[in-house]
Amino acid sequence: MYRYDEFDHRFVRERTTQFRDQVTRRLSGELTEDEFKPLRLMNGVYLQLHAYMLRVAVPYGTLSAPQMRQLAMIAERYDRGYGHFTTRQNIQYNWPALKDLPDVLDHLAEVEMHAIQTSGNCIRNVTTDQWAGVAADEIADPRPICELLRQWSSLHPEFSFLPRKFKIAVTGAPQDRAAVAVHDIGLHMHRNADGEAGWEVLAGGGQGRTPMIAVTVRDWLPERELLPYLEAVMRVYNLHGRRDNKYKARIKILIHELGAEEFRRQVEEEFARAGTPEVEVEQRELARIAAYFAPPAYEDLQDVSTEFELAKNGNRDFANWAKINVAEHKAPGYAIVNISLKPVDGIPGDATTEEMNLVADLSERYSANEIRITHRQNLVLPYVRKRDLFAVWSALNDAGLAIANLGHLGDIIACPGMDYCALATARSIPIAQDISRKFADLKRQYDVGPLTINISGCINACGHHHVAHIGILGVDKKGKEFYQITLGGASDENASIGKILGPGFSGEEVPDAIEKIIETYIAIRGESETFLQTYRRVGADPFKEALYATA
Amino acid sequence: MRLLKNGEFASDDWTVLSEDDVLPLNGDVIVCFDRLMRDYAQLKAHDGRIAVSFPNDCAVEDLDDYLDILDKVVLTFPVFTDGRAYSQARQLRQQFAFEGEIQASGNVLPDQLAFMRQCGFDVFLVNGRFDAEQWQKAATSMTLTYQNGYLPERGFAPADVWKRREVKSNDQLRSDFEEVWTA
Ligand code: SF4
């Protein structure tokens, strides 16, 4: 894992000191809330419905065991004993007191973490594949590039006052688990005809009120040219992105209005003019960073583990969990463990201090000290020997964390919604809870097969409802909550935006509506056809009929 | 309004000419872009320095043909959150090799001074709300930068982290870090 050196350390410390001073001035009344606002936002502090909220960056979703313990400690000491993992692979604390925030940032700095640029019109925390470095299908670990991007985007002198916020996602595998097509910039690694790995650069994807799939700006770029090329993209956006209307200020609107072709031409022209003057320095820095991401010393193992096979035969719950929540690893004899944070009736993405500590302990004991956070609000232990899987499962099971629903109906994404968020128009957590109760039966979930349900509490779409197989969007209609249902979204390498099915439903009606959609699918699906495949084959009509045909 | 240059307030001897003001016999003048294009030949022969006041929604490449007579380009920040002029300054320095002064005008605040300098600004038209010391403190508040090639040439430049790192091994960097940390 990446470790700070004296420079990274000083950089974060300077910022924390600055913020402590600003908080002191706010508390003494020297700064008004209006003057304080841009300053606190630059440090990840939002003002929510009931309290301040702190959003902590977890760069590219990778955490060490000591970092996870520190997050657990902060939850215990400064919050109400839990934290909320978000779709940006970050963690949010919903109840810290303003006066404590500088101390919290100091505690974060102790474990080489910060909250810089988790808000504001700048380049946000870079996200990536939660299985980076271990996925069986991966070309290369994308995290060295992500770390280079983290540094490069930190207080970038030219790109700190963009028209709007800017999100970059990176994936090093053909299967896109990082949703790169719905980000302002997406980087997707490919090999060219000579077998050299390089980057496809996508731009202009996004969700929010105008969801769009990104266009490819360059289909293959050598790695050494990546930063200068990104600077060209950013510069075209910084100069020409709309600043007259907040809702039209994202890069997707610029690309939409210019047309992909013209945007490409402008980027290439800018790139040609700016050239690549300092790429050697960047390449050496990248090599320095990459050394930190060397894989742990793998044991020389047989891929098949007898202990694992025996344990599966002896315990059906374990066997189910292993089938659903454990993914293939690139090293023989190892496995990727996914920990679902979606218990029946739970709050998606929430983890208590005890749970965080348990996961930290398990990662120390079984997973080379490493943990990942996924954009589906779950956790990952990336380096578990197959023969240890039963022990890991048993420990998780004792804590109620061996929830075998990954990628299935119960694995629901939900944004904080009306329970916390100042922008919300409807609740989303209680809707997720209702659905999880209705479909609590795991056997039923397995029969339904792979399915994503994502819920957002307003049009800002933090719950990624546009790219869910079944998306749920809460809206306000004359002071009453209503929920629109979309079908057919996906965020993988065949990304698509879901389509609205028809008139919305009240909160109480949502679980039944989902039930009808599921029943319709089961009635018409072809052999081993997933929900998404069925929808793409038959379209919306059968589902509309089931939902809206008057009884 | 006062001019801030090299960390100090400097006298402002520039005359801002509107489109139709008569060009004085000599002295330093600032003209708008339209006038620069229109009166290029006349301005070229002018006895005194020439500056252009350039809007933030025009393309810097359009200035290319006129840069030879320009001693200064004045770029503008209508509000501090409108960051277009950062890119314009960067392009002027890096792509058009402009070596004259680049002046920031408009909503110029101490918090942004360091960024502006890194992008190539070296003169700042500021109001009297802050004293020279506050500006100086702001300009030097950031001692580190990760971005390659974004370094002001004159005076208090922050450290270019990636270049500094090149001379040390990771182990060396880490042990230096631990020394700082435990101190
Ligand atoms: S989607 Fe809306 S309600 Fe949900 S977190 Fe985002 S802004 Fe808040």
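Here's the deal with empty space enclosed by the protein
Residues and elements named next belong to chain A.
So, step 1. The full count for this structure, using the stated rule, is seven cavities of 30 Å³ or more.
So, step 2. What lines the largest cavity is a set of 14 residues, among which Met1, Pro59, Tyr60, Gln67 and Glu112 lie closest to the centre.
So, step 3. Counting only elements with at least two residues in the lining of the largest cavity, the list comes to strand S3 (62-64) and helix H5 (143-153).
So, step 4. Split into classes, the residues belonging to the lining of the largest cavity amount to eight nonpolar, three polar and three charged.
So, step 5. Counted as a void, the second largest cavity has a volume near 100 Å³.
So, step 6. The wall of the second largest cavity is formed by Ala57, His114, Ile116, Gln117, Ile123, Arg124, Asn125, Val126, Arg150, Ser153 and Ser154.

Focus: the sheet that holds strand S9 (residues 197-203) of chain A
Residues and elements named next belong to chain A.
So, step 1. As summarised here, the arrangement of the five strands in space is S6-S7-S8-S9-S10, forming an open sheet in which the pairing is mixed. For this open sheet the edge positions go to strand S6 (127-128) and strand S10 (215-222), each flanked by a neighbour on one side alone.
So, step 2. Taken together, the two bridges between S6 and strand S7 (residues 168-171) define a ladder with parallel strand orientation. Its bridge partner lying in S7, Thr127 is registered against Ala169.

Comments concerning the pairing of strand S14 (residues 370-373) of chain A
All names here are of chain A.
So, step 1. Here S14 shows two buried faces, one formed by Glu370 and Arg372 and the other by Ile371 and Ile373.
So, step 2. Strand direction decides the pairing type here: S14 and strand S15 (residues 379-385), joined by two bridges, are antiparallel. For Arg372, the partnering residue across the bridge sits in S15 and is Val380.
So, step 3. Following S14, the chain reverses through five residues before pairing antiparallel with S15; Gln377 in that reversal takes a positive phi of roughly 65°.

A short note on the pairing of S9(A)
All names here are of chain A.
So, step 1. When you tally the buried positions in S9, you get six out of seven residues, the bulk of the element.
So, step 2. Alignment of strand S8 (residues 185-191) against S9, held across seven bridges, turns out to be antiparallel. The residue of S9 that forms the bridge with Arg191 is Ala197.
So, step 3. Once S8 ends, the chain turns through five residues before running back antiparallel as S9, passing Gly195 with a positive phi of about 85°.
So, step 4. Sheet analysis places S9 next to S10, joined by five bridges and oriented antiparallel. Residue pairing for S10: Val201 is matched across the bridge by Arg218.

As for the environment of A:Val182
Residues and elements named next belong to chain A.
So, step 1. Positionally, Val182 belongs in the loop between S7 and S8.
So, step 2. Residue Val182 is classed as buried on the basis of its relative accessible area, which comes to 8%.
So, step 3. Not counting the four nearest positions on each side in its chain, Val182 is found in contact with Gly205, Gly206, Gln207, Met212, Ile213 and Val467.

Let's talk about the layout of surface pockets
Residue and element names in this part refer to chain A.
So, step 1. Of the pockets and cavities examined, the second largest pocket occupies roughly 930 Å³.
So, step 2. Around the second largest pocket, the lining is made up of 33 residues, and of these Gln175, Arg177, Arg376, Gly407 and Thr452 lie nearest the centre.
So, step 3. Broken down by secondary-structure element, the contributors of at least two residues to the lining of the second largest pocket are helix H11 (316-325) and strand S11 (326-328).
So, step 4. Residues belonging to the lining of the second largest pocket are distributed by class as follows: 11 nonpolar, 15 polar and seven charged.

Points about the side chain of B:Ser105
So, step 1. Topologically, B:Ser105 is positioned in strand S7 (residues 101-106).
So, step 2. Aside from chain neighbours lying at most four places away, what touches B:Ser105 is B:Val74, B:Leu75, B:Thr76, B:Phe77 and B:Leu125.

Observations concerning the pattern of salt bridges
Residues and elements named next belong to chain B.
So, step 1. Under the counting rule described, the total for this entry stands at 55 salt bridges over all chains.
So, step 2. A salt bridge links Asp28 to Arg49; the shortest N-O distance between them is 3.3 Å. With Asp28 in the loop between strand S3 (15-16) and strand S4 (29-32) and Arg49 in the loop between helix H2 (40-44) and strand S5 (50-54), the pair connects residues that are 21 residues apart, well separated along the chain.
So, step 3. On the basis of relative accessible area, Arg49 is assigned to the partly exposed category, the value being 34%.

Some thoughts on the interface of chain B and chain A
So, step 1. Contacts between the two partners involve 42 residues from chain B and, on the opposite side, 49 residues from chain A.
So, step 2. Both faces considered, chain B and chain A share a buried interface measuring about 4,200 Å² in area, 56% of it formed by carbon and sulfur atoms.
So, step 3. Taken together, the links from chain B to chain A amount to five salt bridges.
So, step 4. A:Glu285 is the salt-bridge partner of B:Arg165, the closest N and O atoms lying 2.7 Å from each other.
So, step 5. One can count 22 residue pairs in polar contact (both at pLDDT 80 or more) joining chain B with chain A.
So, step 6. Those elements giving two or more residues to the side of chain B that touches chain A turn out to be helix H3 (84-94), helix H4 (110-119), helix H6 (161-165) and helix H7 (170-182) of chain B.
So, step 7. Its residues assigned to classes, the side of chain B that touches chain A shows 15 nonpolar, 15 polar and 12 charged.

Re the domain arrangement of chain A
Residue and element names in this part refer to chain A.
So, step 1. Domain boundaries in chain A define domain 1 (6-110), domain 2 (135-291), domain 3 (306-398) and domain 4 (413-548).
So, step 2. Each of domain 3 and domain 4 was reduced to a C-alpha centroid, and the two centroids are 27 Å apart.
So, step 3. Buried surface at the junction of domain 3 and domain 4, both sides included, amounts to about 1,100 Å², of which 56% is carbon and sulfur.
So, step 4. The largest per-residue losses of area from domain 3 upon contact with domain 4 belong to Val344, Asp345 and Arg376, which jointly make up 43% of the total buried on that side.
So, step 5. Counting across the interface, domain 3 meets domain 4 through one salt bridge.
So, step 6. Ionic pairing is found between Asp345 and Arg437, a salt bridge with its closest N-O pair at 2.3 Å.
So, step 7. Applying the counting rule to domain 3 against domain 4 returns five residue pairs in polar contact (both at pLDDT 80 or more).

Rules used in this analysis
Residues numbered from 1 in each chain as written. Chains lettered and ligands numbered in written order. Predicted model: local features only at pLDDT ≥ 70, side-chain atom pairs only at ≥ 80, totals over all residues. Heavy atoms only, no water. 1 Å grid on protein atoms, 1.4 Å probe; cavity = no way out; pocket = protein on both sides within 12 Å on 5 of 7 lines; lining within 4 Å. Points joined across faces, edges and corners; volume = space filled by probe spheres on them. Helix = DSSP H or I, 4+ residues; strand = E, 2+ residues; numbered from the N terminus. Nonpolar A, V, L, I, M, F, W, Y, C, P; charged D, E, K, R; others polar. Pairing = 2+ DSSP bridges. Buried < 20%, exposed > 50% of the residue type's maximum accessible area, 1.4 Å probe, protein only. Contact = heavy atoms within 4.5 Å. Salt bridge = Lys/Arg side-chain N within 4 Å of Asp/Glu carboxyl O. Buried area = accessible area lost by both parts, 1.4 Å probe. Polar contact = N/O pair within 3.5 Å; in protein donor to acceptor, adjacent residues only side chain to side chain. Domains from an automatic or database assignment.

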